[in-house]
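Results of the structural survey
Spelled out from the first residue to the last, the chains are:
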Amino acid sequence: MVVLPVEVTAPHPDAASPRPPDEASPRTSAAEPAPQRSAALPRPAHPATVPPAESAPHHHPCHPLRRFLLPALALLLAAPVLAAAHQARSTPFGDHVTVHARVAHEARPSLRTTKDAVEAYDAETGRPRWSYAREGRRPLAVVPARGEAIALWDDGLVTDTARDDGGAVRWHRALPGASPWLADHGGNGVLRPLGARMLAVVTPQRIAAYRIADGDLRWVLPARQGCEFTPARAVRLGTALLIAQPCPAGDAAGSWTGEIIAVDDLGRITPDRTPLGNERHSAGHPKAEKVVARPR
């Protein structure tokens, strides 16, 4: 048996001592790339919140009184506003009626005109019952007729007001082209009642008859050419109204009889006349209608 000699050499100082497997750190090779870290996603400014689930509405039984209470309360609050709007609205023809005293079962009041109104007053005490004014206008005359107060104004308007209480202005009628003449001569004799149902309005150019009940124009009688009616020169004779119609001195057709015109509620009074029209009927004029008479 041969025993070989074994040479033992000491380790080199630079040589690294072996590490246990657990302590050895892995080395990355130069050829293998380093792993990339993924970019972080942006966070929302406010975290999303999930709205709470809506609960089902609860229906409470409504009391029947509450249904009518709210509309009634709204109407009560709106009443002053509606009243103010009613007072502020413009009135036609500028009418303003003021009732000073309401008297029941008394005699009808007397009538008069002031500088700016028609006034009904108690004849015994002189206290006014009502007054009727128009904005910017002046009454020229007022006459009683069938329980009405019929007034003439400076702008050529004729009005009818309930005489007893002044509760309503029943109608308005305009006189064409009369305001300049009225401004110079006034309203003396212009309003002429023809009985209980008709009113004659006399101006220099024409005579117009209105039904008092509703102001309906029933007939018109123009003045003769070159002549004029004189409203202040008129007189009642029974049911007839005689009106002066003076004509120029050189008028060949004129005569003193032609300068006096007689009318009643049917129109001009002449022998065998055909009424100009109102409620009455006749054989020559079977239908009541509005008619314009020829100048005579």
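In this report, the structure presented in the accompanying data block is examined. The shown structure was predicted, so the numbers you read here are calculated from the model rather than taken from an experiment.

A separate point is the pattern of salt bridges. Applying the stated criterion across every chain, the model contains 13 salt bridges. Shared partners join several salt bridges into a network, and the residues in it are Asp 95, Arg 134, Arg 137 and Asp 155.

Across all of its chains, the model carries one aromatic pair by this definition. Between Tyr 132 and Trp 153, the aromatic rings sit 5.3 Å apart at their centres with planes inclined by 75 degrees, giving edge-to-face as the arrangement. Note that Tyr 132 is positioned in strand β4 (residues 128-134) and Trp 153 in strand β6 (residues 148-153), a separation of 21 residues in sequence. Here Trp 153 falls in the buried class, since its relative accessible area comes to 0%.

Take Ala 101: it is sitting in the loop between β1 (95-99) and β2 (110-113). Residue class for Ala 101 comes out partly exposed when judged on its relative accessible area of 34%. Once the C-alpha coordinates of Ala 101 and Asp 165 are considered, the two residues, 64 residues apart in sequence, prove to be 8.5 Å apart. Dropping the residues within four chain positions of it, Ala 101 is found in contact with Pro 128 and Arg 129.

Here we take up the pairing of strand β12 (residues 217-222). Sheet analysis places strand β11 (residues 206-211) next to β12, joined by five bridges and oriented antiparallel. Within the sheet, the bridge partner assigned to Ala 209 lies in β12 and is Trp 219. If you look at the hairpin formed by β11 and β12, you'll find five residues sitting between the two strands, and Gly 215 has a positive phi there, around 75 degrees.

As a further point, take the pairing of strand β15 (residues 260-264). In terms of burial, β15 is a largely internal element, four of the five residues being buried. Here strand β14 (residues 240-244) pairs with β15 via four bridges, running antiparallel. Paired with Ala 244 across the bridge in β15 is Ile 260. Bridge count between β15 and strand β16 (residues 267-268): two bridges; the pairing is antiparallel. Along β16, the bridge assignment pairs Val 263 with Arg 268. Connecting β15 to the next strand, β16, in antiparallel fashion are two residues.

Moving on to the sheet that holds β15. Judged by pairing direction, the sheet is antiparallel, and its four strands sit side by side in the order β13-β14-β15-β16 without closing on themselves. Lying at the two open borders of the sheet, with one neighbouring strand each, are β13 (230-237) and β16. Across five bridges, β13 lies against β14 in antiparallel orientation. Among the inter-strand pairings, Ala 234 is bridged to a residue of β14, identified as Ile 243.

Summarising the element assignment, Ser 179 is placed in helix α2 (residues 179-185). Distance in space between the C-alpha atoms of Ser 179 and Trp 153 is 8.7 Å, their sequence separation being 26 residues. Beyond its immediate chain neighbours, meaning those up to four positions away, Ser 179 contacts Asp 154, Asp 155 and Gly 156.

The rules behind the values
- Residues numbered from 1 in each chain as written.
- Predicted model: local features only at pLDDT ≥ 70, side-chain atom pairs only at ≥ 80, totals over all residues.
- Heavy atoms only, no water.
- Salt bridge = Lys/Arg side-chain N within 4 Å of Asp/Glu carboxyl O.
- Phe/Tyr/Trp six-rings, centres within 6.5 Å; stacked < 30°, edge-to-face > 60°.
- Helix = DSSP H or I, 4+ residues; strand = E, 2+ residues; numbered from the N terminus.
- Buried < 20%, exposed > 50% of the residue type's maximum accessible area, 1.4 Å probe, protein only.
- Contact = heavy atoms within 4.5 Å.
- Pairing = 2+ DSSP bridges.

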